Structure formats: C-alpha cells, structure tokens
Amino acid sequence: MVNAPTVICVGMAGSGKTTFMQRLNSHLHSKKKPPYVINLDPAVSKVPFGCNIDIRDSVKYKKVMEEYNLGPNGAIVTSLNLFATKIDQVINLVEKRADNFSHCIIDTPGQIECFIWSASGAIITEAFASTFPTIIAYIIDTPRSSSPTTFISNMLYACSILYKTKLPMIVVFNKTDVEKADFAKEWMQDFEKFQESLRTDPNMNGEFSNGSGYMSSLVNSMSLMLEEFYSTLDVVACSAYTGEGFDDFLNAIDKKTEEYNEVY
Ligand code: GTP
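Definitions and limits used
Residues numbered from 1 in each chain as written. Predicted model: local features only at pLDDT ≥ 70, side-chain atom pairs only at ≥ 80, totals over all residues. Heavy atoms only, no water. Phe/Tyr/Trp six-rings, centres within 6.5 Å; stacked < 30°, edge-to-face > 60°. Helix = DSSP H or I, 4+ residues; strand = E, 2+ residues; numbered from the N terminus. Buried < 20%, exposed > 50% of the residue type's maximum accessible area, 1.4 Å probe, protein only. Near = heavy atom within 4 Å. Polar contact = N/O pair within 3.5 Å; in protein donor to acceptor, adjacent residues only side chain to side chain. Areas by Shrake-Rupley, 256 points an atom, 1.4 Å probe, with all protein chains shown as cover. Nonpolar A, V, L, I, M, F, W, Y, C, P; charged D, E, K, R; others polar. 1 Å grid on protein atoms, 1.4 Å probe; cavity = no way out; pocket = protein on both sides within 12 Å on 5 of 7 lines; lining within 4 Å. Points joined across faces, edges and corners; volume = space filled by probe spheres on them. Pairing = 2+ DSSP bridges.

K.L.:
Is there a simple way to explain the packing of aromatic side chains in this structure?
P.N.:
Pairs of aromatic rings are described using the distance from one ring centre to the other and the angle between the two planes. This model, assessed by the stated rule, comprises 12 aromatic pairs. Pairing Phe183 with Trp187 gives two aromatic rings, centres 5.1 Å apart and planes at 75°, and the pair type is edge-to-face. Taken together, the residues Phe183 and Trp187, both in helix H9 (residues 182-189) and four residues apart, mark about one turn of the helix. The class of Phe183 is buried, set by a relative accessible area of 16%.

See below:
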C-alpha cells in the first residue's frame, strides 16, 4: 500500500466540492508537497485548478450523450463506465508519481448518485482503496443544512455513503464564512439538543411538538443509529472561500490515514 492518502470529494450538488478542491489544492501547495489532482466530472465546462488526470481528456461527455442517445445523468454514468475500463492504467500512473505528492485529491460529479451508486463509481473507488489509503470527504453546504430536517436528511445521506463505500469519512461543513457550523457540532454531540430544535422547527408543522406519533418515534430510533454513525466520523468546519479550517482538514486526513493503515 502506498502511503500518500487519496481524498475523494463527494457532496450534494452545489455543496462546494469544486471550490473546496480548488482551496485544498492551493493549501497543499503552500503547506506540503503539491497534490496529485484528478477530475472525474465529465460534464463540467471549466475546472478552476490544474489537473494531472482529467476524465474530459479521454471521454467526451457531449459525444457520449449523442452517440448513445442519453440524458444528462445517463451520459455521466456512461462516461464514468468508459473511464473505469482504463482504471488499471490510471492507478499505475498515480502509483508511479507517488513519491512526488503528499495527497491525491479527486473531484466527482455534482450528481452524487451517478458516482456513488454506479458500478463504475464503485470500481474506481475500490481501485484507489486497494492501492492508497482512501478517505471520503463529504462536503456539506452549512447554511443550507441549518434547519434540523435538512440537516438530518444530509446526515442520513452521508451515512448511506459510508455503508456503500465502507471507507473512512470526514464530514466537511463548508461555507462557514456564511454560517458557522457550531449548531451542527452541537446536534451531533447532544441528540436532546437536536430533538429540541426539531420540536420547534416550522418545517415539522407541529408534528413533533407533543413528542408522540410517527415522527417522534422515527427520530428516536434514528438517534441510536446516528450516534453510532457519528462516532466513526471526523467533522471539520471550513470555508473554501477564506481557507478557514483547512489545517484542521489536513489533520483529520492524517488521523484517518493512520486509522486506515491499522484497519486495511
Ligand atoms: P456541482 O459540481 O455543480 O454540484 O457544484 P459543487 O459542489 O462543485 O459546488 P461549487 O464549488 O461549484 O460551488 C457552488 C456554489 O457555492 C458556488 O456559487 C460557489 O461560489 C459557492 N461556494 C463554494 N464554497 C463556498 C464557501 O466556502 N463559501 C461561500 N460563501 N460560497 C461557497
């Protein structure tokens, strides 16, 4: 196993993956060795950072759409399938360069399910994970997760990705220049505080207010599952705009890499 960690950035559309990658790239340039950078989003028109490997160099998304008569998501999945057929060559290439970089960082398509729930996404992820300590960075749009209902939806999504990939995960609360992530950390540490916020959340239409009924019992059951999930996670708050929190992110990567080398 090569020692340099691979960081796969995933997150809901608009969570800030590409901006996060851009900041991580420049942060690594200034603090450590430059990273090895891979773009796996075939549909992106511009990538605001230099890439060592770019899926768009070998797969033309628009041609795939026309040739196979596909819609936008089908074309992303097919482009990833085509790329996955060459994954051995990609891994060899990255492995050969491993002495020259401290981290390999990977940007993924905005349509998260095209990567995480596709066969090719699994093939690509597993190929990296069998060669490098591989960590999932799950990017969350903090201001858009400040209501308890959107927060829990996001956490359940993160949990499903953990089960699907079975890889160590760092949850990254991005955009802290707009809203701090203290509320999220508090909700993850103290489920009673979370339930209290849920009780007063206008999105719940009072369904949770008397502490009985379907939503209450669902939330109580989920609390046990999520407590277990939270215990496996590292959580970092950052802003891809200002660079705040990126040292913490690199520390979390070091910690997860150590754990990875013990377990895998
Ligand atoms: P898709 O790949 O299209 O799903 O988007 P993405 O997840 O790669 O997000 P992207 O980096 O394109 O950012 C989405 C929007 O959030 C853009 O308008 C960014 O400028 C903005 N954004 C990203 N990071 C930050 C941040 O740290 N702070 C603020 N205020 N805005 C941010």
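Still more to cover.
K.L.:
Hey, could you run me through the site of the ligand in this one?
P.N.:
Taken together, 16 residues surround the ligand, and among them Lys17, Thr18, Thr19, Asp177 and Tyr241 come closest. Between an oxygen atom of the ligand and a side-chain N or O atom of Asn174, the distance comes to 3.3 Å. For the ligand, whose unbound accessible area comes to 650 Å², protein coverage reaches 71%. When residues of the shell around the ligand are assigned to their parent elements, the largest contribution, three residues, is made by helix H1 (residues 17-31). Looking at side-chain class alone, the shell around the ligand contains five nonpolar, eight polar and three charged residues.

K.L.:
Any chance you could explain the layout of surface pockets here in plain terms?
P.N.:
To find leftover empty space, one rolls a probe the size of a water molecule over the atoms. Considered as a void within the structure, the largest pocket measures approximately 160 Å³ in volume. As for the largest pocket, its lining consists of Ala13, Gly14, Gly16, Lys17, Thr18, Thr19, Asp41, Thr108, Gly110, Gln111 and Lys175. Of the residues assigned to the lining of the largest pocket, the class counts are one nonpolar, seven polar and three charged.

K.L.:
Explanation requested: the pairing of strand E1 (residues 6-11) in the structure shown.
P.N.:
Within a regular strand, the side chains alternate between the two sheet faces. For E1, a buried count of six out of six residues is recorded, marking the element as mostly surrounded by other parts of the structure. The alternating pattern of E1 places Thr6, Ile8 and Val10 and Val7, Cys9 and Gly11 on opposite faces, both of which are buried. Alignment of E1 against strand E4 (residues 104-107), held across four bridges, turns out to be parallel. Counterpart to Cys9 in the pairing with E4 is Asp107. Of the strand pairs in this sheet, E1 and strand E5 (residues 134-141) are connected by six bridges, and their pairing is parallel.

Spatial relationships are all this shows, so hold off on functional conclusions.
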